[in-house]
Amino acid sequence: MTRLRLAGAALLAAVALLAASCVSVTNPEGWAPPVLDGTSLYLTTDHGHVSRTTLADDGRSAAARWTFPDKDIKADDKIRPNAAYGPPILADGRVYYATYEAGVFALDAETGRPAWPDEGKTNAGNIRGNIAGGLAYANGILFFGTTEGRLYGWNASNGAPAQGWETPLVFDSGIWATPVAIGGTLYVATMNGEVHAIRISDRSPAWPEPFKATGAIADLVALDDARIFVPSINRHVYLLDAATGQVLTDFRARDWVWTAPALQGNRLYFGDFGGNVYGLDISTSPATELWPPASTEGHRVKAAPVIVDDVLIVADRGPVVTFIDANTGEVLNRVPIDGAGTVRANPLAANGGAYILTTNARLFFANPQNRSVVEVPVTGVKR
């Protein structure tokens, strides 16, 4: 197994050099995006801890109800998530979330205590490799991949392997992208540049053959039930037909692309590692550019853009928040976020703007109306 020291910028640079099927991260930071359910905002903070917070009426402050693992509960002492890369999934009155090193947890949404595994336990020993992506939920099953190319399917009810998934499905390269479930099909991307379509019922291929790119694929997004967004480190972005795997668009960006997009109707927006932001019209095949790429002045874009009221909000690795006219590509304003780490987690569109979580676990709100960014104080989080 190739062990790459992927800290900070090295994490991003090393992906292009992947030459082995098994990859791990020796200094993970995590970049799980926030999730909103009513007034409850779920945040993944330091070292893969997850907190349920309650937003104030104006959405400009929050207070924690619980944190897991909880430093004040003895049973949690030895649970070390280290990082989390995918958003929590809210279903069945539970919070399901995958951690890089401690496995997968089902937490009671009200109390934050584990439904499974048992108190003080992890299920990391049942997993080969680490989890560098998030969870997909379909048919009562949680699916996730690992850095050693294993795809698991566990019952959401009890954390046991689902019927037909008693053993993981094995790929010849690591899985960093969160799997995507559409209907009865699961889509899985690997770091050797393949996308596989797998029938959940019997694990058979749903496409005649996998899609293959020439660069690693570390992200994967369903645009709708018919199209899949596939960014690659080879500077290409592909739109695939979900039913057949046929390439609908092959768009070459100016630099590496490792991000999710923003979608409004048939307009698609995303950024690259060179700080370029693109707008595509995907009503035709192939897609066409809406305007020449906008610029974040060289700051890498890992986080997905957010579009609110025809304003594109882009939080980059600077970190700087750039407001862009989604119709013309004109840069409207840039707001640096000083001393906050960087931004890799996808922002959350809510309350007329975007919530932005940094790698230092600080929360900000970007307002497209006045193109400003303010910090959202979060109290009571147990770090």
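Since the model is a prediction, treat every value here as computed from it, not as a measurement. (Residues numbered from 1 in each chain as written. Predicted model: local features only at pLDDT ≥ 70, side-chain atom pairs only at ≥ 80, totals over all residues. Heavy atoms only, no water.)

Moving on to the overall build of the protein chain. A count of helices and strands for the protein chain gives 1 helix and 36 strands. With respect to the principal axes defined by its C-alpha atoms, the protein chain has extents near 55 × 50 × 35 Å. The buried share among the 383 residues of the protein chain stands at 58%. Counted over contacts in the protein chain with a minimum sequence separation of 6, partners at least 24 positions apart contribute 46%. Here the protein chain has roughly 14600 Å² of accessible surface; of this, 46% comes from carbon and sulfur atoms. (Helix = DSSP H or I, 4+ residues; strand = E, 2+ residues; numbered from the N terminus. Buried < 20%, exposed > 50% of the residue type's maximum accessible area, 1.4 Å probe, protein only. Contact = heavy atoms within 4.5 Å. Areas by Shrake-Rupley, 256 points an atom, 1.4 Å probe, with all protein chains shown as cover.)

Tallied over the entire structure, the rule returns 23 aromatic pairs. Relative to phenylalanine 105, the ring of phenylalanine 68 lies with its centre 5.1 Å away and its plane at 65 degrees, an arrangement referred to as edge-to-face. Taken together, the positions of phenylalanine 68 in strand E6 (residues 62–68) and phenylalanine 105 in strand E9 (residues 103–108) put the pair 37 residues apart, joining distant regions of the chain. Both rings, one in phenylalanine 143 and one in tryptophan 165, keep their centres 5.1 Å apart while their planes meet at 70 degrees; by these two values the pair is edge-to-face. Here phenylalanine 143, found in strand E12 (residues 141–145), pairs with tryptophan 165, found in the loop between strand E13 (150–155) and strand E14 (169–170); they are 22 residues apart in sequence, far enough to count as distant. The exposure class assigned to tryptophan 165 is buried, which follows from its relative accessible area of 2%. Every member of this aromatic cluster is reached through a ring pair, and the members are Tyr96, Trp116, Tyr137, Phe144, Tyr152 and Trp154. The cationic tip of arginine 60 hangs over the ring face of phenylalanine 365; the distance from NZ or CZ to the ring centre is 3.8 Å. (Phe/Tyr/Trp six-rings, centres within 6.5 Å; stacked < 30°, edge-to-face > 60°. Lys NZ or Arg CZ within 6 Å of the ring centre and 35° of its normal.)

Turning our eyes to something else, we now look at the pattern of salt bridges. For the structure on display, the rule yields 12 salt bridges. One network of salt bridges, in which partners are shared, links Arg52, Arg65 and Glu110. (Salt bridge = Lys/Arg side-chain N within 4 Å of Asp/Glu carboxyl O.)

The subject of this paragraph is the environment of isoleucine 307. Tracing the backbone through its elements, the reader meets isoleucine 307 in strand E28 (residues 306–308). For isoleucine 307, a relative accessible area of 17% translates into the label buried. Placed 50 residues apart in sequence, isoleucine 307 and leucine 357 show a C-alpha to C-alpha distance of 17 Å. Filtering out sequence-adjacent residues up to four positions away, isoleucine 307 remains in contact with Ala262, Gln264, Arg267, Tyr269, Leu312 and Ala326.

What follows deals with the sheet that holds strand E19 (residues 221–222). Taking strand neighbours across the sheet as the criterion, the 4 strands line up as E19-E20-E21-E22 in an open arrangement whose pairing is antiparallel. In the strand order of this sheet, the two ends are held by E19 and strand E22 (247–252), each with one partner. Relative to strand E21 (residues 236–241), strand E20 (residues 227–231) runs antiparallel, the two sharing 5 bridges. The residue of E21 that forms the bridge with phenylalanine 229 is leucine 239. (Pairing = 2+ DSSP bridges.)

Fair warning: the whole summary comes from geometry, so function is off the table for now.
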